[in-house]
Amino acid sequence: MNSQASAPGKAILFGEHAVVYGIPAIAIPLSNIRVRATCKDTSHPLTVIAEDLARPAVTIVGEEFDRSDPLSLMAALTIRQLNTGDLTGEIRIRSDIPVASGLGSGAAVSAALGRAIALMQDCVIADGELSKIVFEVEKLHHGTPSGIDNTVVVYEKPVYFVKDEAIEFIRFGEPLHIIIGDTGIASLTRDAVADVRTLYEREPAHTAAQFDEIGDIVNDARACIESGATARLGELMTANHHLLRGLNVSSADLDRLVEAALDAGALGAKMSGGGRGGNVIALVNDRSVTSVKDALVQAGAKRLLEIVAR
Ligand code: PMV
């Protein structure tokens, strides 16, 4: 047997950080950057080989497993869910999603691994079950995750997400043309999430008001996405970026890329994901796409990704 499972990256369009506090957020899958997990039969205990991750890893999955290791935890929880007992074989994980950059690498690795383990057992793991297991592993990456990453990565559909509520998928009135620009700086989401928690505890009223403002933007953005009001959507993106700056999760590099995209004619731009490093997203149209891409590279973007979300 030589079969493959996969999962996509993701980008948060609106509402990151505030989503941890029950505010809605909107995210889309990035189907053209993926994690692929290839299964091979062997007679040895299940071995997971991951070469492209921050910590390249070879994990032997058995009775005793390390709960602090994301690959081991994901494998063990999936095996428990499928009720298969110990497995043999090899799963090799390859990823083209940059790690620690807000594009969902952690959730995609977990999701692809879970699906690969199910594949080895000739069964399919339901998206709802898989998403719950990936969420458990996300706690290692994020501390107190909202659940948005596992949801959008597992279901691979644009979502309007509210923590602990039923998932709502959203439809696009018009395709969204987005350029994603990478600062090239890896940063840990759990640190940024912890700092927002500290801010919230120190200044609860002010921080809650900022979250509420983000929530209003997210709801307005959903209406714009569904009706195809792209120009207004751009303004909302930029407004969301300024509120994220207020939460102190942006950085000089992210701000520089956002400014460069706006100066070059983007309809809107913001950081995306945990922040401090990672990526910005810029909403463009046919007129501005080339100038925005050029401006992002000029301003230091290490890698660009162009997507049309529909
Ligand atoms: O994984 P990242 O960096 O895209 O961050 C996820 C978004 C946060 O809102 C910052 C955290 C969360 O769990 O929702």
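Draft legend 1. Fine view of the overall build of the protein chain. A count of helical and extended segments in the protein chain gives nine helices and 11 strands. Relative to the globule expectation of 19 Å for 310 residues, the C-alpha radius of gyration of the protein chain, 19 Å, shows essentially globular dimensions. Projected onto its principal axes, the C-alpha coordinates of the protein chain cover approximately 60 × 40 × 35 Å. Expressed as a percentage of its 310 residues, the buried residues of the protein chain come to 56%. Considering only residue pairs separated by 6 or more positions, the protein chain has 73% of its internal contacts joining residues 24 or more positions apart.

Draft legend 2. Up close: the environment of Leu267. Looking at the secondary structure, you find Leu267 in the loop between α8 (252-263) and β9 (268-272). When its relative accessible area of 25% is taken as the criterion, Leu267 is described as partly exposed. With 17 residues separating them along the chain, Leu267 and Val284 place their C-alpha atoms 5.7 Å apart.

Draft legend 3. Quick peek at the nonpolar core. In terms of nonpolar packing, the biggest core is built from 105 residues, with Phe14 and Ile93 touching the most fellow members. Ranked by residue count, the leading element in this core is helix α2 (residues 105-120), at 10 residues.

Draft legend 4. Molecular detail of the site of the ligand. Close contacts around the ligand come from 16 residues, with Lys10, His17, Ser146, Asp149 and Thr189 the closest. The separation between an oxygen atom of the ligand and a polar side-chain atom of His142 is 3.1 Å. Computed on the free molecule, the ligand has an accessible area of 370 Å², of which 97% lies beneath the protein chains in the complex. Elements with a contribution of two residues or more to the shell around the ligand: β1 (2-14), α4 (148-155) and α5 (189-202).

Draft legend 5. Main features of helix α3 (residues 127-142). With 16 residues, α3 ought to run about 22 Å at 1.5 Å a step, and its terminal C-alpha atoms sit 21 Å apart, in line with that. What α3 keeps buried is the set Leu130, Ser131, Ile133, Val134, Val137, Glu138 and His142. Contact partners of the buried residues in α3: α1 (70-82), α2, α4 and α5.

Draft legend 6. Spatial organisation of the pattern of salt bridges. Tallied over the full model, the rule gives 19 salt bridges. One salt bridge connects Arg232 with Asp220, and the closest N-O pair in it is separated by 2.7 Å. Of this pair, Arg232 sits in helix α7 (residues 230-246) while Asp220 sits in helix α6 (residues 204-227), placing them 12 residues apart in sequence. The partly exposed category is assigned to Arg232, whose relative accessible area is 36%. One salt bridge in this structure joins Arg245 and Asp255, with 3.3 Å as the shortest N-O distance. Of this pair, Arg245 sits in helix α7 while Asp255 is found in helix α8, placing the two residues 10 residues apart along the sequence. Residues joined by salt bridges that share partners form a network here, namely Lys40, Glu51, Glu90, Arg92 and Arg94.

Draft legend 7. Just the state of the cysteines, in detail. What the rule picks out here adds up to zero disulfides. A disulfide-free cysteine, Cys39 has its sulfur positioned 11 Å from the sulfur of Cys123, the nearest such atom. Accessibility expressed as a relative area gives 0% for Cys39, which makes it buried. You can call Cys123 partly exposed: its relative accessible area is 26%.

Draft legend 8. Summary view of the packing of aromatic side chains. Taken as a whole, this structure holds four aromatic pairs when the rule is applied. Here the aromatic rings of Tyr21 and Phe211 are separated by 4.5 Å at their centres, their planes lie at 25°, and the arrangement is stacked. Of this pair, Tyr21 sits in the loop between β1 and β2 (25-45) while Phe211 is found in helix α6, placing the two residues 190 residues apart along the sequence. The class for Phe211 is buried, based on a relative accessible area of 3%. Where Tyr155 meets Phe169, the ring centres are 5.6 Å apart and the plane angle is 55°; that geometry is what we call tilted. Within this pair, whereas Tyr155 is found in helix α4, its partner Phe169 is found in strand β7 (residues 168-169), the two being separated by 14 residues in sequence. You can call Tyr155 partly exposed: its relative accessible area is 22%. Judged by its relative accessible area of 35%, Phe169 falls in the partly exposed class. Counting every residue linked through ring pairs, the aromatic cluster contains Tyr21, Tyr200 and Phe211. The ring of Phe169 carries Lys157 above its face, with NZ or CZ at 4.8 Å from the centroid.

The rules behind each value
What you see as residue numbers is a count from 1 along each chain, following the sequence as written. The model is predicted, so local features are restricted to residues of pLDDT at least 70 and side-chain atom pairs to those at 80 or more, both for listing and for counting; the totals for chains, interfaces and linings are taken over all residues. Values shown for side chains rest on all heavy atoms present in the structure; no hydrogens or waters enter the calculation. Only DSSP runs of H or I with at least four residues qualify as helices, and only runs of E with at least two residues qualify as strands; both kinds are numbered from the N terminus onward. Taken over C-alpha atoms, the radius of gyration is set against a globule rule of 2.2 Å times the number of residues to the power 0.38. Whether a residue is buried, partly exposed or exposed follows from its accessible area with a 1.4 Å probe, protein chains only, as a fraction of its type maximum: under 20%, in between, or over 50%, in that order. Any pair of residues with heavy atoms lying within 4.5 Å of one another is described as a contacting pair. Residues enter a nonpolar core if they are buried and are Ala, Val, Leu, Ile, Met, Phe, Trp, Tyr or Cys, with the set joined through side-chain atoms within 4.5 Å. Whether a residue is near a molecule or strand is decided by its heavy atoms; if any one of them lies within 4 Å of it, the residue is near. Any pair of N or O atoms that falls within 3.5 Å is considered a polar contact. Within protein, one atom must be able to donate a hydrogen and the other to accept it, and sequence-neighbouring residues count only if both atoms are side-chain atoms. In these tables, accessible area is a Shrake-Rupley quantity obtained with a 1.4 Å probe, and a residue counts as shielded only by the protein chains included in the view. A helix is expected to reach a length of 1.5 Å times the quantity of its residues less one. Salt-bridge detection follows one rule: a side-chain nitrogen of Lys or Arg within 4 Å of a carboxyl oxygen of Asp or Glu. To count as a disulfide, a pair of cysteine sulfur atoms needs to be within 2.5 Å. Each Phe, Tyr or Trp ring, with Trp reduced to its six-membered ring, pairs with another whose centre is within 6.5 Å; inter-plane angles below 30 degrees give stacked pairs, above 60 give edge-to-face pairs, and intermediate values give tilted ones. Only Lys NZ and Arg CZ are tested; either one counts as a charge over a ring when it is within 6 Å of the ring centre and within 35 degrees of the ring normal.

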